[in-house]
Amino acid sequence: MKKITKAVIPAAGLGTRVLPATKAMPKGMLPLVDKPAIQYLVEEAVRSGITDILIIVSRNQDIIQDHFDRSPELEAKLAAPGKEKMLEECLGISDLANIFFVRQQQTLGLGHAVSMAKPFTGDDPFVVIYGDDVIWGEDPVCAQLIRAYEEFGRPAAGVSAVPWADVSRYCSLKTTPIHDNYFFVDDMIEKPKKGQEFSNYSILGRVLLTPEIYDILARTKPGAGGEIQLTDAMAEYARSYGGMTAVEFTGKHYDMGNKLKVAEAQVELALQHPEIGEAFRAYLKEFCKTL
C-alpha cells in the first residue's frame, strides 16, 4: 500500500456567498485571526504527513501563490533586532511543504478541478481538502482519513451528521456501520431533493481518493448546479468499485462560504490563540455585559 504524501486543494471558487469581501480577494485569503484560511488547510495536511500539495486557483488569485512564496523585501525588514519571531513565522510559511499551483481556467465544478490534478498525483492515492472548509482539532482530519485507508484499503470521506433540513445543501451517503466512527458507503447523492436522501451523513470538506477517480471524472456529466460534481464520480466509484469508507471525523468544522461560520471561526480561534486568547476572552466577557 502506497504512503499518502500528496494533497490537492481546490481553491478556485468565486466566493459569491461571502461577497463583498471576496470581490477582489480570494475566499481562501479571508483572515482567521492572523492567518488566511488556506494556511490552516495547508498546515492540516502537513500535520498529517503530507509533503506535496497542489493548490488549484483561478485568475486574479496570484495573492495565494504570493502568500506561500518568499518575500525578500519583507524578510529584509524583519531581519532587524527584535523581529526574529516575525521573521521566523514568515520564513516558515514558505517552508511548510512542496507547494505547487495550477490554474483552472473555467470554474466548472469541484469534479473538474480535481481532474486537473492527475499529472500531479499520477498513480498515487491523494487527499482532497475542499477550499471552503476549515476544520480545527487536535487530530487532523486528513490523518483520520489516512488511517482509514490504511485499515480498509478503500477511498475515504470525512463525514458528519448534519440537520435533516440542511442535507439538501450538501450530499447524502448510504452508510452501513463498520465499527467505532467508521461506515461502509456504497452510494451517495449530491444535493438531494426531499425524499432522495440516504441518510443525514454528509461529506464536509475532506476525501481521500485513488487514481481510478480520474477515469470516472472523465465521463461524469454536469450534475447539480450545472457543474461536474466530485460527489457524482465518488457515487459511481462506491457503486461499482467496492465502496468507500466514511469517517465521522473529530474536529470543529467552519464553512468559509458562510458569513456566520466565518464569524464563529474568528471568535473561537481567537479564544484559542496563544498570544491573544486570554485578553480576547476578557474582552468578550466585558462586551457581553453590554448586550
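Throughout this document, residue positions are counted from 1 along each chain, in the order its sequence is written. This being a predicted model, a pLDDT of at least 70 is required before a residue's local features are given, and a value of 80 or more before pairs of side-chain atoms are given or counted; all residues contribute to the totals for chains, interfaces and linings. To get the side-chain values, all heavy atoms of the structure are used, and hydrogens and water are removed first.

J.: How would you explain helix H10 (residues 259-271) if you had to name every residue and give the values?
T.: Turn by turn, an α-helix covers 3.6 residues, leaving residues three or four places apart pointing in a common direction. Starting at the N terminus, helices and strands are each numbered in turn, a helix being any DSSP run of H or I of at least four residues and a strand any DSSP run of E of at least two. Expected span of a helix, by definition, is 1.5 Å for each gap between consecutive residues, and there is one gap fewer than residues. Helix length check: H10, at 13 residues, gives a terminal C-alpha distance of 19 Å against a target of 18 Å (1.5 Å per residue), a fit within 8%. Residues Val-262, Ala-265, Leu-269 and Ala-270 constitute the buried set of H10. All buried residues of H10 fall inside an arc of 115° around its axis, so they share one side. Contacts made by the buried residues of H10 are with strand E2 (31-32), helix H1 (37-47), strand E7 (133-136), strand E13 (252-255) and helix H11 (277-288). For the exposure calls, accessible area comes from a 1.4 Å probe over protein chains only, and a residue counts as buried if that area is under 20% of its type's maximum, exposed if over 50%, partly exposed in between. This arc is taken over the directions from the axis of the helix to the C-beta atoms. Two residues form a contact once any of their heavy atoms are found within 4.5 Å.

J.: I'd like a rundown of the sheet that holds strand E4 (residues 52-57), residues and numbers included.
T.: Strand order in the open sheet formed by nine strands is E5-E4-E1-E6-E11-E8-E12-E10-E9, and the pairing between neighbours is mixed. Only two strands of the sheet have a single partner each, and these edge strands are strand E5 (98-103) and strand E9 (171-179). Neighbour-to-neighbour, the strand axes of this sheet turn through a mean angle of 30°, independent of strand direction. When strand E6 (residues 126-129) meets strand E11 (residues 201-209), the two strands line up antiparallel, connected through four bridges. Paired with Ile-129 across the bridge in E11 is Arg-206. H1 rests against strand E1 (6-10), E4, E5, E6 and E11 of the sheet, and its axis sits at about 155° to E4. Strands are labelled as partners when DSSP assigns at least two bridges between them. Angular values range over 0 to 180 degrees, each being the angle between N-to-C directions of two axes fitted as lines to C-alpha atoms, with helices fitted over their stretch in contact.

J.: I'd like a rundown of a nonpolar patch on the surface, residues and numbers included.
T.: Two joining distances apply to patches: 9 Å for like charges and 5 Å for nonpolar side chains (Val, Leu, Ile, Met, Phe, Trp, Tyr), and every residue must have over 30% relative accessible area and no salt bridge. All accessible areas in this document rest on Shrake-Rupley with a 1.4 Å probe, and a residue is counted as covered only by the protein chains that are shown. Between Lys or Arg on one side and Asp or Glu on the other, a salt bridge is scored when a side-chain nitrogen of the former is within 4 Å of a carboxyl oxygen of the latter. A surface patch of nonpolar side chains, about 360 Å² in accessible area, is lined by Tyr-283, Phe-287 and Leu-291. Here Leu-291 is to be found in the segment after H11. Owing to a relative accessible area of 74%, Leu-291 belongs among the exposed residues under this scheme.

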